[in-house]
Structure formats: C-alpha cells, structure tokens
Number of protein chains: 2
Amino acid sequence: MEKYNVAVVGATGAVGREMVSILEERDFPFANLRLLATERSAGTVMTCKGEEYVVEVTTPDSFEDIDIALFSAGSGASKKLAPEAVKRGAVVVDNSSAYRMDDEVPLVVPEVNPEDIFEHTGIIANPNCSTIQMVAALKPIYDQVGIKRLVISTYQAVSGTGKDAMDELEQQSKAVLNGEEANPEIYPHQIAFNVLPHIDIFFDDGYTKEEMKMVNETQKIMNDNNIKVTATAARVPIFNGHAESINIETNDRVTVKEAKELLANTPGVRVEDDPDKLKYPLQNQVTEIDDVLVGRIREDHSIDNGLNLWVVANNLRKGAALNTIQIAEKMIEEK
Amino acid sequence: MEKYNVAVVGATGAVGREMVSILEERDFPFANLRLLATERSAGTVMTCKGEEYVVEVTTPDSFEDIDIALFSAGSGASKKLAPEAVKRGAVVVDNSSAYRMDDEVPLVVPEVNPEDIFEHTGIIANPNCSTIQMVAALKPIYDQVGIKRLVISTYQAVSGTGKDAMDELEQQSKAVLNGEEANPEIYPHQIAFNVLPHIDIFFDDGYTKEEMKMVNETQKIMNDNNIKVTATAARVPIFNGHAESINIETNDRVTVKEAKELLANTPGVRVEDDPDKLKYPLQNQVTEIDDVLVGRIREDHSIDNGLNLWVVANNLRKGAALNTIQIAEKMIEEK
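- Going by what an unreviewed UniProt entry lists, chain A is known as Aspartate-semialdehyde dehydrogenase and is assigned to Halobacteroides halobius.
- UniProt, in its Sequence similarities (unreviewed entry) section for chain A, records the words "Belongs to the aspartate-semialdehyde dehydrogenase family."
- Under Subunit (unreviewed entry), UniProt gives the following word-for-word description of chain A: "Homodimer."

Set out below in structure tokens:
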C-alpha cells in the first residue's frame, strides 16, 4: 500500500486536533506527518499513532516533500500558504472558506460529489460545516425526487468558532449561574443562556456570510443552480454539535416511509426517528459519532410535495476534520 | 371608573406570578382580587398593589361574585373549573390549551383580532406563547400584502414548561460544568447545553402538539384557513424568552424597507434591526420587555415574494400573562 507524506496546517486548533486524532483512528496511510501552526503554538508536542510530533511554524518550505496538506488555519493562512504547498507538489485539502467558490476548485462532500475530487488543480475545498451535514442528508432525497427549494434554520454550537468560544461559553455560564455578569469577548453579545441570530459577517442585504455559504455551497456541491435556498443561521449555547431544521420542497412526492428508507440506506447517514420512544437526533449524542443523524422526518402539509427534517452532526468532525480526511482518502483510494 | 372582582387561578405558578405583577404594573381596575391555586400552594402570601393576599384552594364557590377569572393552571383545571366560573357569572380568560380550538371560544391577540373578544359565551382563550408573538409580528404584513405560507423554526426557553424546568436547567448546567452527569427529570433528555426538537406530545404524523398549535391557532386568530403553515418547535437551553425564525411567502412583494416601516408602526412590536451595529433581537433582552422584537428582516431571494424574520418575545409575559390581561383590559374598555 502506498504511503503519503502529510502535513496538517493549524494542527493545534479545535479542528486541527480532530484531524490528527482522525488520521490515527482511521489509520491513514502516512509515511511522514508534519504538524504545523503559528509561532504561538510551535513547540507543542502532539501524539499520533504512538509517535510524538513537535509542532513547527508553517513556512513555504514546510511543504517540501509533502504529498497531502490538510489546512485548517483560517482563510488568511490558506490564501497565503496553500499556493506555496501546491507549488511544491502537494495537493491541498482546505477547510477554510478561501477557495470554496473558486471555479477551479472542487468543493466536496465525498458521499455527495466524490467525482469532483479529480477535477482539482492542486486545491480541493472542504465545505462549511452547516452545509456538509445538510447536503449529506439531502443527497438521497435529491436523487430520488428532486429538490426545488430549501428553507433552513440552524442551531449551531460554539465549537464552530473555536476553542476560545468554548471557553467563553463555559466562563459565561458559570458567571450567570453565580448571579454575576457575563463579559462578551469572542461574541458581540452574551452567549450563555442566549441565542445569537448572527454567524460570520453581515452583507448589505441583511444576510450573514454563514447563511450565504449555505445557499452558494449547496448549489455548487449538488451541481444544480436551480435549487433555491434561503437560510437563517443562529448560534446556540452548546459546546459542540450543530442542528438544522430543514424544510424541503421536492419535485415529486416522497412519503415519510420512503424518505426513512432512502436515508437509512445512505452511507454516512443514520436515521434517529422514533417519536414513540422519544428518539430524535440530539447534539449531545454526537461527541463520538461520525454519522449525520436525521430525524423528525415529517411530510410538510403546507405544500404538495415537501418534507421537514431535523439534522444533527458533529461539526468538528463530519463538519470539518473528518470530511477533509475523507476527501484525502477518496483521492488516494482511486489513484 | 368601574372596578371588577378578579380571580387568578394558578396564581403561584410561573405565569400566575407574572399575572399578579402585571395587574399591579398596569394598575388593572380590580375591586377585589382572589388568588387561587391547588392545596399544595394554598396559604402562600402574595402582594399586589401594596396589599397582601393569602392564596386559597380553588373550588367552584371561589368564583362567587367574581367578574373576571384569569386561568393559568393547565388544561385539566380549566376544563373542570372554567365552566363553574362561567356558571357563576364570571368571564374566563384561559391561558391553557383546553378551549383554544373550540368554535364557541374566541382565541385572541388584542393587537390582531380584538373584535373577536366580544363573540365570547363566557370563555375567551389565550393562544399558545409561540403563536402569540408570531401573529403579532405577522399582522401588519398580512394586512399589507397577504400571507400564503409560513415555515417556522422555534428556539423556545424552558420557562414555557414552568418553574421546575427552569430549576432543572440550572441544576443540569451546574452539573455539566462540574464534569458531572445531568439527570433528566422534567425533560426526557438532558437540556443543559443541548437542544430538544420536541415540545409537547407527538401525533401519529410525527408533528408535536406544539407544532400543530402554531398551524391551527394561527389560522383561527388570523381568521384565514388559507394561510399554509408548517412548523418545527425546539427547546433551547435558555431560561426565558422564545425566538422564532419565520419564513413568510407573501402574495405581493414587500421590500425590507416597507416591512420595517410597517412593523415600526405596529403597537406592541419593536423593530430591532441594525446589522451594522450588531443589533438584532436577543432572548436575554426581554426580561423586562413587553413588546415583540422583530429583526433580521431580509427579502427571501428563493421565491418571488418573501421575507425572513427573527422574532423574540418574553414568553411568560406577551406569550402568556400579559396577553391574558390585555384581553381583559380590551373587554372592559369597550363595555
């Protein structure tokens, strides 16, 4: 079996750490592993498959001899360093938003559009967390009955912002429970025991960048610009795990029974839907779960052909680190 | 000015306590006030307008000489005792779901359908919390451009379940922050740092009773069975204040500017919408606020005529106690 030299850029961040542990869990065939970060985190020692690795500062030369570079260090770092990695012969799988809407760059969820991987010219983009779990659940429905329009509202965890935001939720929650003031630093308003209808920056038409990612990335991944999408993205006071309330207008009717069967037969998706047993997807379930959980599957009686779904996934894993590594796996599997 | 003998049934509950304080705040013209509850709470001393009141056990005879009986003691108590109050000449304003869909019983939000109050035959019903704040925000839009269809996802606080649920959220949050197990008692699953896509009981088609309340009550209050509604109701780990992500398909186009003006001129509604200043409705804002807050007003680009809104209100006040008392005020004002 062929082995590859792999670099992880942003190895000490919330997603980077998941990447390193997923490389181990899935026994990714790496020959050498290089863990990279900024100066602040250089020197950190991390372990993978029983070996210790010292985190190094990322420079263009860090990518010499690297075959696959997994980036999760923000758009700025990707824009600056991904071309350097490509120049040195690496294929970059990038978890930032820097290249997602670039026509030259495939945007991939391996269960949905694996074929796009091979169209790359050096960089493959990993979609936004909330898009990944949604399209994974939608694909079997799209293939069976077509999708006209989606109305989505999200319930997103603070881990999507990073480790600092998780600390802020913890600190603010303790403060509020002690009757003290919460001091917002990472978020513009109190997040403890509160919901913020605001993720990423605002555009002039009132939508946030997070909401528009769900519109544009969905059309690109599904390779169908006729799918109409409108989204409202909200941050809830939860450490990890994103939930989405998805309303789907389909071209043809699909019953609840048919939808359940379609979803149950989809790799990477698990149906959690048994109201009699009070079973539905929960965000506190997904700490150790890679699958996208789908439940609350209901026919929408307000239109001729429609469904409502509740979709939950671990945003650090399937929403980020896992999907990135699955892209790399698919790429080398077909080589 | 005429004065009325008023009874509050369920006076010691989360909503009942708000009722008593709102009677004082709004200087409701009562001659006598009788505070009623179950045996468990009888003897509790409560204060209103500087007077002390001892809570009594509710019996049919409690309603002798009562003009207005405000009920918030659950459906069972309303079914048993509201007819006894009516028999003794009282008008009942009932906050439970017992009579809401009864053809003889008006279901009223005073800003939306005040005229229905006078159709009562002894009982007037107060709508469900999540419906009240939604129709209050929708009415000016409905009047201007008509409404075809609504897709709603809710973010509801635990205070809607009652005081015990607020205690459970507090205890579980402390436990989780201490690295201990959360022990669900009121809710079937952990509510701390989790979202439950489940409010009230499940029906056979997979919808919850809470979701169907939003469908049926909206049509009744708006007096328009052609409004199509589909809803997903979720409980978020917040003490008080409900939020709703509302997608509206209108008959005619309404711009963001027009929608803001319509809403800004609606009594009981306050527009909180200035993304540049990171201003949007927040649940932790509404502790002392009676208005329904509306923000994140956006045109829905996925259909010809549509809007997205984020609507927040204090579910114990406008969603329950305040609306009940506003119904009583409107009723006596027009006498």
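### Section: the pairing of strand β3 (residues 45–48) of chain A
Residue and element names in this part refer to chain A.
Phase 1 of the analysis: In β3, alternate side chains face the same way, and those of M46 and C48 are buried while those of V45 and T47 on the opposite face are not.
Phase 2 of the analysis: Bridge count between β3 and strand β4 (residues 51–54): 4 bridges; the pairing is antiparallel. Following the sheet pairing, T47 is matched in β4 by E52.
Phase 3 of the analysis: Hairpin connection from β3 to β4: 2 residues lie between these consecutive antiparallel strands, with K49 at a positive phi of about 50°.

### Some thoughts on the relation of the copies chain A and chain B
Both copies of the chain are related through a single rotation about an axis accompanied by a shift along the same axis.
Phase 1 of the analysis: With an RMSD of 0.0 Å, the operation that places chain A on chain B is a rotation of 180° combined with a shift of 0.0 Å along the axis. Taken together, the rotation and translation relating the two chain copies correspond to the operation of a two-fold axis.

### A short note on the UniProt feature "binding site: NADP(+)" (unreviewed entry) in chain A
All names here are of chain A.
Phase 1 of the analysis: Taking the UniProt record as the reference, the feature "binding site: NADP(+)" (unreviewed entry) is found at T12, G13, A14, V15, R40, S41, S159, G160 and N315. Of the residues just listed, which span 304 residues, the most distant C-alpha pair is 25.1 Å apart, and they do not cluster in one region.
Phase 2 of the analysis: Since its relative accessible area comes to 16%, V15 is described here as buried.
Phase 3 of the analysis: In contact with V15, not counting residues within four places along its chain, are S72, N95, L316, A320 and A321.
Phase 4 of the analysis: Within the secondary structure, S41 sits in the loop between β2 (30–37) and β3.
Phase 5 of the analysis: Its relative accessible area of 13% is what places S41 among the buried residues.
Phase 6 of the analysis: Ignoring any residue separated from it by four or fewer positions in sequence, one finds S41 in contact with T12 and V55.

### Here's the deal with the sheet that holds strand β8 (residues 123–125) of chain B
Residues and elements named next belong to chain B.
Phase 1 of the analysis: Read from one edge to the other, the open sheet built from 6 strands follows the order β5-β2-β1-β6-β7-β8, with strand pairing classed as parallel. In the strand order of this sheet, the two ends are held by β5 (56–57) and β8, each with one partner.
Phase 2 of the analysis: Along the sheet, helix α2 (residues 74–87) makes contact with β6 (68–71), β7 (91–94) and β8, crossing β6 at roughly 175°.
Phase 3 of the analysis: The strands that helix α7 (residues 317–333) touches are β1 (4–9), β6, β7 and β8; relative to β6, the one it contacts most, it runs at about 160°.

### Concerning the side chain of S159 of chain B
All names here are of chain B.
Phase 1 of the analysis: Looking at where S159 falls in the secondary structure, it is placed in the loop between β9 (147–155) and α4 (163–177).
Phase 2 of the analysis: For S159, a relative accessible area of 2% gives the class buried.
Phase 3 of the analysis: Apart from the residues lying within four places of it in its own chain, the contact partners of S159 are M166, F239, N240, G241, N315 and L316.

### A closer look at the packing of aromatic side chains
Phase 1 of the analysis: The final tally for this structure, using the stated rule, is 9 aromatic pairs over all chains.
Phase 2 of the analysis: Here a set of aromatic residues connected by ring pairs shows up, and it is made of Y155 and W310 of chain A together with Y155 and W310 of chain B.
Phase 3 of the analysis: The ring of F30 of chain A has K49 of chain A sitting right over it, with the charged end atom 4.4 Å from the ring centre.

### Describing the packing of helix α1 (residues 14–25) of chain B against α7 of chain B
When two helices pack together, their arrangement is given by the angle between the helix axes and by the axis-to-axis distance.
Residue and element names in this part refer to chain B.
Phase 1 of the analysis: Closest axis-to-axis distance for the α1/α7 pair is 9 Å, and the angle between their directions is 50°. The orientation of α1 relative to α7 falls into the category oblique. The way α1 lies across α7 gives a crossing that is right-handed. Side by side, α1 and α7 meet where V15, E18, M19, S21, I22, L23 and E25 of the first sit next to R317, A320, A321, L322, T324 and I325 of the second.
Phase 2 of the analysis: Of the residues contributing to the contact of α1 with α7, the split by class is 8 nonpolar, 2 polar and 3 charged.

### Describing the nonpolar core
Residues and elements named next belong to chain B.
Phase 1 of the analysis: Core analysis: the largest hydrophobic core is formed by 54 residues, its most contacted members being F63, F71, L150, I246, I248 and V294.
Phase 2 of the analysis: Top contributing element to this core by residue count: helix α3 (residues 129–145), with 8 residues.
Phase 3 of the analysis: Beyond its immediate sequence surroundings of up to four residues, V294 is in contact with A137, L263, V269, R270, V271, E272, D273, P281, L309, W310 and V311.

### Remarks on the interface of chain A and chain B
Size of an interface, as often reported, equals the accessible area lost when the parts are brought together.
Phase 1 of the analysis: Opposite the 54 residues of chain A that make contact, chain B presents 54 residues.
Phase 2 of the analysis: Taking the shortest distance from any N to any O, the salt bridge between R296 of chain A and E211 of chain B comes out at 2.8 Å.
Phase 3 of the analysis: Our count for the contact surface shared by chain A and chain B stands at 44 residue pairs in polar contact (both at pLDDT 80 or more).
Phase 4 of the analysis: Looking at the side of chain A that touches chain B, the elements with two or more residues in it are β9 (147–155), α4 (163–177), β10 (228–232), β11 (242–250), β13 (292–299) and β14 (306–313) of chain A.
Phase 5 of the analysis: Its residues assigned to classes, the side of chain A that touches chain B comprises 26 nonpolar, 18 polar and 10 charged.

Thresholds, definitions, all that
- Residues numbered from 1 in each chain as written.
- Chains lettered and ligands numbered in written order.
- Predicted model: local features only at pLDDT ≥ 70, side-chain atom pairs only at ≥ 80, totals over all residues.
- Heavy atoms only, no water.
- UniProt positions renumbered as here; feature names shortened; annotations may be inferred.
- Buried < 20%, exposed > 50% of the residue type's maximum accessible area, 1.4 Å probe, protein only.
- Helix = DSSP H or I, 4+ residues; strand = E, 2+ residues; numbered from the N terminus.
- Pairing = 2+ DSSP bridges.
- Least-squares fit on C-alpha atoms with pLDDT ≥ 70 in both.
- Contact = heavy atoms within 4.5 Å.
- Axes fitted to C-alpha atoms, helices over the stretch in contact; angles between N-to-C directions.
- Phe/Tyr/Trp six-rings, centres within 6.5 Å; stacked < 30°, edge-to-face > 60°.
- Lys NZ or Arg CZ within 6 Å of the ring centre and 35° of its normal.
- Parallel < 35°, antiparallel > 145°, perpendicular 65-115°, else oblique.
- Left-handed = near helix turned anticlockwise from the far one by under 90°.
- Nonpolar A, V, L, I, M, F, W, Y, C, P; charged D, E, K, R; others polar.
- Core = buried A, V, L, I, M, F, W, Y, C linked by side-chain atoms within 4.5 Å.
- Salt bridge = Lys/Arg side-chain N within 4 Å of Asp/Glu carboxyl O.
- Polar contact = N/O pair within 3.5 Å; in protein donor to acceptor, adjacent residues only side chain to side chain.

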